[in-house]
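Reading the structure
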Amino acid sequence: MEAPASKNIRFFHYSTYLIAAVLLSLYFTNMHFMFCTEAKRASLSMLLQNTADVPTQYRVLIPWTVNLLMGLKLPFHASPERIFEAIEFLSAFFLLIAFRLYISFFIKNSLLSSLLSFAVFIILPYQYIFYSRSFGAIYYPYDIPSVLFFTLGLVLIYKKNWSLYYPFFIIATFNRETTIFLTFICLVTAIEKNGKITLLIHCVAQLLIWAIIKKFLAVLYAGNAGPGFFVNFFFVNLSLITHPVNAVRVASSFGFIWIGVIYYFKLITDVFVKRTLLVIFPFLIGMFIVGNVMELRIYGELIPVILSAFLLIVNHFLHTEEGPEPPTRGANKT
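Note that the structure is a prediction, hence the values are computed from the model and not measured.

Some details on the packing of helix α4 (residues 80-104) against helix α6 (residues 120-128)
- Relative to each other, α4 and α6 sit at 130 degrees, their axes nearing to 11 Å. Judged by the angle between their axes, α4 and α6 are oblique. In this structure, α4 crosses over α6, and the sense of that crossing is right-handed. Of the residues in α6, those in contact with Ala92, Leu95, Leu96 and Phe99 of α4 are Val120, Phe121 and Leu124.
- Split by residue class, the contact of α4 with α6 holds seven nonpolar, no polar and no charged.

Written as structure tokens, this is what we have:
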């Protein structure tokens, strides 16, 4: 039986954690709405009226949810904007909870997992706020929920909880099509563990679900203005990224922690976390074609992937007496 003192410590730990999570989520939500503006051709009102340009209108989960809640005529008579803010707050809050759960699979110390999970709120502003003054960052209601869904997807893939994963995958795909990269993670993390037939069935099933949802939305919003599934930004991005200032701004993604992940890659001892990093390559290639590279928000789903790897490196140094040492120059020379 757990001692009363131990129970009190646990209660203090988790209650303090939840209070901090609420405060940080409120603060981030307020800052996100304050520094970002609505898209001219995909404003919140247009999304609610189903008249926004595609492909933005295809990301319907949050607008549909807001319309549903407005239709219920709840007693507090919240405006649509307030409901969007409430969903953003809840998404940020549960993102922190989900990310803590995810890293707890690899960092077994409960208190340390809680403390390190707060790093999410250090990274989020880099992707969604800090670049706003220079490039007029745009608020999209599906952005933070996308990071939450991607984190939950990692949890369910790790636990192999397919009975929850597939309903979740369907819901998340209605929010944003980047769920296709979860299928890639399924492939690279299980390719040597599951039977090839089982793995093939999972991957094909997810691809079919994804394609059916995309086709359904394309038919549903066939009359909307816009380019359709995506705009080809390849040559625009090629021109942008060759400018040194732009290159540095793009490199600021994830608060530059990706540098540490590359530098100390060998210290990431968990195979699952290490293999999830492979998704970075198809993700960045895809975004280079279909997204504006200067909008750092388009890389948001990679936050749990890169940050978890970085925190495993931090955890390694916290449990070793010696600090990090740079690689010895010329060590590989013969």
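Digging into the layout of surface pockets
- By volume, the largest pocket amounts to about 790 Å³.
- Surrounding the largest pocket, 32 residues form its lining, Pro55, Arg59, Phe230, Val231 and Val290 being those nearest its centre.
- Those elements giving two or more residues to the lining of the largest pocket turn out to be α10 (180-190), α11 (196-220) and α16 (280-290).
- At three residues, α16 tops the list of elements feeding residues into the lining of the largest pocket.
- Looking at the lining of the largest pocket, its residues break down into 18 nonpolar, five polar and nine charged.
- Approximately 640 Å³ is the volume attributed to the second largest pocket.
- Looking at the second largest pocket, it is lined by 22 residues, and the ones nearest its centre are Trp258, Ile262, Ile280, Leu284 and Ile306.
- Only α13 (244-251), α14 (257-263) and α16 provide two or more residues apiece to the lining of the second largest pocket.

Some remarks on empty space enclosed by the protein
- Under the defined criterion, the tally for this structure stands at one cavity of 30 Å³ or more.
- Within this model, the largest cavity holds a volume of roughly 40 Å³.
- Every residue along the wall of the largest cavity is listed here: Ser146, Phe149, Phe150, Ala172, Asn175, Arg176, Thr178, Thr179 and Glu301.
- Sorting the residues of the lining of the largest cavity by element identifies α8 (143-159) and α9 (162-175) as the ones contributing at least two each.
- In terms of residues, the lining of the largest cavity owes the most to one element, α8, which gives three residues.
- Here the residues of the lining of the largest cavity sort into three nonpolar, four polar and two charged.

Quick notes on the pattern of salt bridges
- Scanning all chains against the criterion turns up seven salt bridges.
- A salt bridge links Glu177 to Arg59; the nearest nitrogen and oxygen atoms lie 2.5 Å apart. Of this pair, Glu177 sits in the loop between α9 and α10 while Arg59 sits in the loop between α2 (44-48) and α3 (61-71), and the two are 118 residues apart along the sequence.
- With relative accessibility at 11%, the residue Arg59 sits in the buried group.
- In this structure, the salt-bridge partner of Asp143 is Arg297, at a minimum N-O distance of 2.7 Å. Of the two residues, Asp143 is situated in helix α8 and Arg297 in the loop between α16 and α17 (303-318); the sequence distance between them amounts to 154 residues.

As for the packing of aromatic side chains
- Here the structure, examined in full by the defined rule, presents 29 aromatic pairs.
- Pairing Phe33 with Tyr139 gives two aromatic rings, centres 4.4 Å apart and planes at 40 degrees, and the pair type is tilted. Taken together, the residues span a long stretch of sequence, with Phe33 in helix α1 (residues 4-35) and Tyr139 in strand β2 (residues 138-139) at a distance of 106 residues.
- Overall, the relative accessible area of 22% leaves Phe33 in the partly exposed class.
- Residues Tyr58 and Phe229 carry aromatic rings whose centres are separated by 5.8 Å and whose planes lie at 45 degrees to one another, so their mutual orientation is tilted. With a gap of 171 residues between them, Tyr58 in the loop between α2 and α3 and Phe229 in the loop between α11 and α12 (234-241) connect regions that are remote in the sequence.

Concerning the environment of Leu124
- Along the chain, Leu124 turns up in helix α6.
- Here Leu124 is in contact with Phe28, Leu95, Ile129, Ile144 and Ile303, once residues within four sequence places are set aside.

Details of the environment of Phe272
- Among the structural elements, Phe272 can be located in helix α15 (residues 271-276).
- Spatially, the C-alpha atoms of Phe272 and Pro282 are 18 Å apart, while their sequence positions differ by ten residues.
- Ignoring any residue separated from it by four or fewer positions in sequence, one finds Phe272 in contact with Tyr102, Phe106, Leu154, Ile157, Tyr158 and Thr189.

Criteria and thresholds
Throughout, a residue's number is its position along its own chain's written sequence, starting from 1. Per-residue local features are limited, in this predicted model, to residues with pLDDT of at least 70; the limit for side-chain atom pairs, both in listing and counting, is 80 or more; totals at the level of whole chains, interfaces and linings are taken over all residues. Side-chain measures were taken over the full set of non-hydrogen atoms in the model, leaving aside hydrogen atoms and water. Only the stretch in contact is used when fitting a helix axis, every axis being a line fitted to C-alpha atoms; angles between N-to-C directions are given from 0 to 180 degrees. Numbering of helices and strands starts at the N terminus; helices are DSSP runs of H or I of at least 4 residues and strands are runs of E of at least 2. What sets the label is the angle itself: under 35 degrees gives roughly parallel, over 145 gives roughly antiparallel, 65 to 115 gives roughly perpendicular, and the rest give oblique. By convention the crossing between two helices is left-handed if the near helix lies anticlockwise of the far one by an angle smaller than a right angle, and right-handed if it lies clockwise. Contacts are residue-level and defined by heavy atoms, with any inter-residue pair within 4.5 Å sufficient. Just so you know the grouping, Ala, Val, Leu, Ile, Met, Phe, Trp, Tyr, Cys and Pro go in nonpolar, Asp, Glu, Lys and Arg go in charged, and all remaining residues, Gly too, go in polar. Using only the protein atoms, space was sampled on a 1 Å grid; points where a 1.4 Å probe fits but cannot get out form cavities, open sets with protein on both sides within 12 Å along at least five of seven lines form pockets, and lining residues are those with an atom within 4 Å of a point. Grid points are joined across faces, edges and corners, and a volume is the space filled by probe spheres set on the points. One side-chain nitrogen of Lys or Arg within 4 Å of one carboxyl oxygen of Asp or Glu is enough to make a salt bridge. Each residue gets one of three labels from its accessible area relative to the maximum for its type: buried under 20%, exposed over 50%, partly exposed in between, using a 1.4 Å probe on protein chains only. Only rings of Phe, Tyr and Trp enter the pairing, Trp through its six-membered ring, and a pair is recorded when the two centres are within 6.5 Å. The plane angle decides the type: under 30 degrees is stacked, over 60 is edge-to-face, the rest tilted.

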